[in-house]
Amino acid sequence: MRGWLANARRALAVAGDRADLWPAGTLAWLAYLGWLPLVVALAPPTVDGVQRLGVDMYSSSTFPWNLVALSAGWVLVFGLLCLLGAASEVALRRLAAGRQAHGMARDTFSAFAVVLISSLPVVAAAGAALIGAITVAQGAFLSAEGTLPVLLRIASQVLPQLTALLLALVVMQAFAAVALRRLGGGEALHAMRRAASEMRRRPVRRLATAAVVALVDAAVLALQIALLGVLWEPIGVGLRDGRLASPDTLLLLLGFVAIWLGLLLAAGALHAAASAWWTLELRETGGST
């Protein structure tokens, strides 16, 4: 326990002293969850909006091809985010170790395979939770019973799916973190086999590290969503009123972008600390770090 906490403190110190790691950490955070606060602030999803989108797509003359195109677009975006995350993680580890750029493309391709395969169980669990939430959403909104907020009522009805999602997230984050640091010569399958073996032999500290990192990520995500939502509200009012070119709206928009970039950089520094923590934790078992 003491060694685990000592590694966490050392990782924070490394991230604080190595500002050159922050840009790579920022890109990794952006590919992972950093895009979500901006989307929620600018275009918060609503039940009415989702229903309207579904009706418009179903009633369109291009149905079902519009659904196929939308699905293909989401798959493409997901693949690009995985590729960006893999490249950022490789760059982050190389910068931390002081390695040259030689072999970057090979390592990125292998890391992409690890990130993609590790993400699939989480995506499947998230899809099951989303389908469950959509199924019970209409009843929860129309029901006047109970004192709980609507979102909490929905969450309580899909608690098994949400629990499965959280477990998949923690387990697959630990698995991916180990596999990315066991790539060695760039063989993704070999690295994933080693990661699975290590997860079986030493599950407690691996899962505990992943759980703590996930909790920190969730706290950062909630803070960014709340802050950006508050900052965007007056800008959104100005845009709806047709005051885009007004000095007040432009200054608010400039400040919003600056604060968002600052939040991204801060989250990138924390991501660099998490990467350093994983490296310190896994160094004891040898292999590439």
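In this text, all values refer to a predicted model and were calculated from it rather than measured experimentally.

Procedures and definitions
Residues numbered from 1 in each chain as written. Predicted model: local features only at pLDDT ≥ 70, side-chain atom pairs only at ≥ 80, totals over all residues. Heavy atoms only, no water. Helix = DSSP H or I, 4+ residues; strand = E, 2+ residues; numbered from the N terminus. Expected span 1.5 Å × (residues − 1). Buried < 20%, exposed > 50% of the residue type's maximum accessible area, 1.4 Å probe, protein only. Arc of directions from axis to C-beta. Patch = residues over 30% accessible without salt bridge, like charges linked within 9 Å, V, L, I, M, F, W, Y side chains within 5 Å. Areas by Shrake-Rupley, 256 points an atom, 1.4 Å probe, with all protein chains shown as cover. Salt bridge = Lys/Arg side-chain N within 4 Å of Asp/Glu carboxyl O. Axes fitted to C-alpha atoms, helices over the stretch in contact; angles between N-to-C directions. Parallel < 35°, antiparallel > 145°, perpendicular 65-115°, else oblique. Left-handed = near helix turned anticlockwise from the far one by under 90°. Contact = heavy atoms within 4.5 Å. Nonpolar A, V, L, I, M, F, W, Y, C, P; charged D, E, K, R; others polar. Polar contact = N/O pair within 3.5 Å; in protein donor to acceptor, adjacent residues only side chain to side chain. Core = buried A, V, L, I, M, F, W, Y, C linked by side-chain atoms within 4.5 Å.

Novice: Help me understand helix α8 (residues 188–201), please; the structure alone is not making it clear to me.
Specialist: Since the α-helix turns once every 3.6 residues, residues separated by three or four places project in the same direction. In this model α8 runs 20 Å from its N-terminal to its C-terminal C-alpha over 14 residues, within 8% of the 20 Å that 1.5 Å per residue would give. Among all positions in α8, only A188, A191, M192, A195, E198 and M199 are buried. Burial along α8 is one-sided: seen end-on, the buried residues are contained in an arc of 125°. Residues of α8 that are exposed and point over 90 degrees away from its buried face: L189, R193, R200 and R201.

Novice: When you look at a nonpolar patch on the surface in this model, what are you seeing that I'm missing?
Specialist: A contiguous nonpolar patch, built from Y58, F63, L67, L70, W74 and V77 and spanning about 630 Å² of accessible area, is present on the exposed surface. If you trace the backbone, W74 turns up in helix α4 (residues 65–97).

Novice: Where do I start with the packing of helix α2 (residues 22–42) against helix α9 (residues 203–240) in this structure?
Specialist: When two helices pack together, their arrangement is given by the angle between their axes and by how far apart the axes lie. Here α2 crosses α9 at 30°, and the two axes come no closer than 8 Å. Of the possible angle classes, the one that applies to α2 and α9 is roughly parallel. The two elements α2 and α9 cross, and the hand of that crossing is right-handed. Contacts from W29, Y32, L33, L36, P37, L38, V40, A41 and L42 of α2 reach α9 at D217, V220, L221, Q224, I225, L228, G229 and W232. By residue class, the composition of the contact of α2 with α9 is 14 nonpolar, 2 polar and 1 charged.

Novice: Sorry if this is basic, but what is going on with the side chain of D217 here?
Specialist: Structurally, D217 can be placed in helix α9. Excluding anything up to four places from it in sequence, D217 contacts W29, Y32 and Q173.

Novice: For this particular structure, what's the right way to read the side chain of E281?
Specialist: Note on placement: E281 falls in helix α10 (residues 247–283). Of note is the side chain of E281, whose polar atom sits 2.7 Å from the side chain of N7. Setting aside chain neighbours within four positions, we find E281 in contact with G3, W4, N7, R205, R206 and T209.

Novice: Help me understand the nonpolar core, please; the structure alone is not making it clear to me.
Specialist: Across soluble globular proteins, nonpolar side chains have a tendency to be buried as a group. Counting 35 residues, the largest nonpolar core has A111, V114, L180, L183, M192, W277 and W278 as its most contacted members. If you list the elements that add at least two residues to this core, you get α1 (2–17), α4, α5 (104–142), α7 (159–180), α8, α9 and α10. A per-element tally of this core places α7 first, with 10 residues.

Novice: For this particular structure, what's the right way to read the packing of α9 against α10?
Specialist: Two elements in contact, α9 and α10, have axes whose closest approach is 10 Å; the angle formed by their N-to-C orientations is 175°. Relative to α10, the element α9 lies roughly antiparallel. Each residue belonging to the contact of α9 with α10 can be placed in one class, and the counts come to 25 nonpolar, 4 polar and 3 charged.

Novice: How do you make sense of the pattern of salt bridges when you look at a structure like this?
Specialist: Any two side chains of opposite charge can pair if their charged atoms end up close together. Following the criterion strictly, the structure yields 6 salt bridges and no others. One salt bridge in this structure joins D107 and R106, with 3.4 Å as the shortest N-O distance. A residue is classified by how much of its surface remains accessible, and D107, at 8% relative accessible area, is buried. Judged by its relative accessible area of 47%, R106 is partly exposed. In this structure, the salt-bridge partner of E281 is R205, at a minimum N-O distance of 2.8 Å. Of this pair, E281 sits in helix α10 while R205 sits in helix α9, placing them 76 residues apart in sequence. By sharing partners, the salt bridges in this structure join R94, R106 and D107 into a single network.

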